[in-house]
Amino acid sequence: MGVTIRLVEPDSNRRGDLFTRRMEDVLHALGYEQFVRDFARPGREIDITGVHRTEGHRVAVECKATRQPIGGADLNKFAGVLDLERRQYPGVKTIGYFISLSGFTRSALDQEAAVGGGRLVAMDAPKAVRELINGRMVVSEELATERAGRCAAGGDRRVERLRAAGRGHLRR
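Model, not experiment: these values are computed from the prediction. Numbering of residues starts from 1 in every chain and runs along the sequence as written. In keeping with the predicted nature of the model, local features appear solely for residues at pLDDT of at least 70, side-chain atom pairs appear and are counted solely at 80 or more, and the whole-chain, interface and lining totals rest on all residues. Water and hydrogen atoms play no part in the side-chain values, which are based on all heavy atoms of the structure.

Peer 1: Before we go on, may I ask you to explain the packing of aromatic side chains in this structure?
Peer 2: The geometry of an aromatic ring pair is captured by two quantities: the separation of the ring centres and the angle between the planes. Each aromatic pair joins two rings of Phe, Tyr and Trp (for Trp, the six-membered one) with centres within 6.5 Å, and gets the label stacked for planes under 30 degrees apart, edge-to-face for over 60, and tilted for any other angle. The final tally for this structure, using the stated rule, is 3 aromatic pairs. Considering the side-chain rings of Tyr-32 and Tyr-97, the 6.4 Å spacing of their centres and the 80° angle between planes classify their relative orientation as edge-to-face. Of this pair, Tyr-32 sits in strand 1 (residues 32-41) while Tyr-97 sits in strand 4 (residues 94-100); the two residues are 65 residues apart in sequence, bridging distant segments of the chain. Here the aromatic rings of Phe-98 and Phe-104 are separated by 5.8 Å at their centres, their planes lie at 70°, and the arrangement is edge-to-face. For the pair formed by Phe-98 and Phe-104, the shared burial category is buried. The rule for a charge over a ring is simple: NZ of Lys or CZ of Arg within 6 Å of the ring centre, and within 35 degrees of the ring normal. Across the ring face of Tyr-89, the terminal group of Arg-58 is positioned such that the distance to the ring centre comes to 4.0 Å. Helix numbering and strand numbering both begin at the N terminus, where a helix is a DSSP run of H or I of at least 4 residues and a strand a DSSP run of E of at least 2. Note on exposure labels: buried denotes an accessible area under 20% of the residue type's maximum, exposed denotes more than 50%, and partly exposed covers the range between, all computed with a 1.4 Å probe on protein chains only.

Peer 1: I would appreciate a short explanation of the layout of surface pockets in the present structure.
Peer 2: The probe, sized like a water molecule, is rolled over the atoms to show the empty space still left. Estimates place the volume of the largest pocket at around 270 Å³. Space inside and on the surface of the protein is sampled on a 1 Å grid over the protein atoms alone, with a cavity defined as a set of points where a 1.4 Å probe fits but cannot get out and a pocket as an open set with protein on both sides within 12 Å along at least 5 of 7 lines; lining residues have an atom within 4 Å of a point. Lining of the largest pocket is provided by 15 residues; of these, Gly-16, Asp-17, Thr-20, Asp-47 and Cys-63 occupy positions nearest its centre. For the lining of the largest pocket, the secondary-structure elements that each account for two or more residues are helix 1 (12-29), strand 1, strand 2 (44-52) and strand 3 (58-64). In terms of residue class, the lining of the largest pocket is built from 2 nonpolar, 5 polar and 8 charged. Grid points are joined across faces, edges and corners, and a volume is the space filled by probe spheres set on the points. Note on residue classes: Ala, Val, Leu, Ile, Met, Phe, Trp, Tyr, Cys and Pro are nonpolar, Asp, Glu, Lys and Arg are charged, and everything else, Gly too, is polar.

Peer 1: I keep staring at the pattern of salt bridges and nothing clicks. Help me out?
Peer 2: Think of it this way: side chains of opposite charge can pair up when their charged atoms draw near. What counts as a salt bridge is simple: a side-chain nitrogen of Lys or Arg found within 4 Å of a carboxyl oxygen of Asp or Glu. If you walk through the whole model with that rule in mind, you get 9 salt bridges. Of the charged contacts in the structure, one is a salt bridge between Glu-85 and Arg-41, with a shortest N-O distance of 3.1 Å. Remark: Arg-41 occurs in strand 1 and Glu-85 occurs in helix 2 (residues 72-88); sequence separation between them is 44 residues. Considered together, Glu-85 and Arg-41 belong to a single accessibility category, that of buried residues. Among the ionic pairs, Asp-83 bridges to Arg-87, the shortest N-O distance being 2.9 Å. With Asp-83 and Arg-87 both in helix 2 and 4 residues apart, the pair spans about one turn of that helix.

As structure tokens, then:
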């Protein structure tokens, strides 16, 4: 799949905020809700926290919309934040996601594999897109292309019905 996430915001702070808000959709597709953004604790801040809607465990998420892949030092720092969160809520399972728009360096991924996994989930943009598709938040590239082709050829009656009904941006 060649689809990824592209943010066209030039300001790095607003770009990060936009990415964090969009990653809530990914978390919702994974079953989480009750989101709190920029959750401040003494000495740390978590970009997103939430609760799984059926299993009840917590999620803590770090989102990075940087242009460079994330290295092992950033993963280690977040693992420390997760450790503190897990100590804060000892009776509740806490899952950590580190979501990076630009992915991760090979050495960072090797480091996570070497520690045996389980510290956190490292998710890049293509994986986030897959979760959005799996969670039916967006359609696949193939389906979007096929539907766009039918619409362009005039072969999609649903579009004509929407136009006839005068709905939204489909008015002529």
